[in-house]
Amino acid sequence: AGYTRALDVIIAALITLIVIFIIPTYHDEDFQKNLDSFYQLFINLKIDQLDQRTFSTSINELLSAQEKLNSSIKELQFDSSLYKLKCSVSELSEIQKSTEALLSGAVIIYFYSDQPGLFKEIAGKFKYYQELLREIIYKDFESKENLSQKLDNVNKYDFPELRMGIKKLQEINVNKKW
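Keep in mind it's a predicted model, so treat the numbers as computed, not measured.

### Topic: the overall build of the protein chain
- Secondary structure assignment for the protein chain yields seven helices and zero strands.
- Starting at the N terminus and walking to the C terminus, you meet the elements of the protein chain as α-α-α-α-α-α-α.
- By element, 58% of the accessible surface of the protein chain is carried by carbon and sulfur atoms, the whole surface being about 10300 Å².

Structure representation (structure tokens):
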């Protein structure tokens, strides 16, 4: 009985090693899918058309996408010692921080959703950040300097979380495919 158990463990270890080296791109693809999902949810969030309940649902969807992305990032960081990644561990950390900042900004806006006058002003600023993120992801800007200038035009006290998240994504060239 002892020999069969040892043989089972050795076979399982060999299968694991084979899978790790034969299918090393799974985590990259999973990461890219989760990153794209988070960005699409953030960009397509139509905050001025949401009531308190549907806004809450949208925030929960963003949170779920963030959790999946964080899981993918952890897997990539763990696997970075096994094979060459398409991005550095520090870039992964920056992406994680920036998406957390974007989520934080959306959550802050949620708390203003029951104040119609203030919310309308805030929604307009949020849309501007959504547009900047869209430009970064789809390279809809003429130059990196043009995007930096647009970011500088935003009052640095209006949603510093969103500003920081967008700035970090711009710095690490988030639109490259990992």
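Next comes the rest of the account.
### Quick word on the pattern of salt bridges
- Applying the stated criterion across every chain yields a total of four salt bridges.
- For K125, the salt bridge identified is with E121, shortest N-O distance 3.1 Å. Of this pair, K125 and E121 both sit in helix 5 (residues 116-138), four residues apart, which is roughly one turn of the helix.

### Points about the confidence of the model for the protein chain
- Looking at the protein chain as a whole, the pLDDT averages 78, with 76% of positions reaching at least 70.
- The secondary structure element of the protein chain with the lowest average pLDDT is helix 6 (residues 144-152), at 65, and the one with the highest is helix 3 (residues 52-79), at 86.

### Focus on helix 5
- Taking 1.5 Å of rise per residue, the 23 residues of helix 5 would be expected to cover 33 Å, and the 32 Å separating its terminal C-alpha atoms lies within 8% of that figure.
- When helix 5 is considered as a whole, its buried residues turn out to be F119, I122, A123, F126, Y129, Q130, L132, L133, E135, I136 and I137.
- K139 sits one or two residues past helix 5 and shows a positive phi near 55°.

Here is what the cut-offs are and how they apply
- Residue positions are given per chain, counted from 1 along the sequence in the order it is written.
- Local features in this predicted model are restricted to residues whose pLDDT is 70 or higher, and side-chain atom pairs enter the listing and the counts only when it is 80 or higher, whereas totals over whole chains, interfaces and linings include all residues.
- Each side-chain value is derived from all of the structure's non-hydrogen atoms; neither hydrogens nor water enter the calculation.
- A run of DSSP states H or I qualifies as a helix once it reaches four residues; a run of E qualifies as a strand once it reaches two. Both are numbered from the N-terminal end.
- Here the open area of atoms and residues is found with the Shrake-Rupley method and a 1.4 Å probe, where only the protein chains shown may cover a residue.
- Put simply, a salt bridge is a Lys or Arg side-chain nitrogen that is within 4 Å of an Asp or Glu carboxyl oxygen.
- A score from 0 to 100, pLDDT tells how confident the predictor is in each residue.
- Between the first and last residue of a helix there are one fewer steps than residues, each counted as 1.5 Å, and that sum is the expected span.
- For every residue, the accessible area obtained with a 1.4 Å probe (protein chains only) is divided by the maximum for its type, and the residue is called buried under 20%, exposed over 50%, and partly exposed between those limits.

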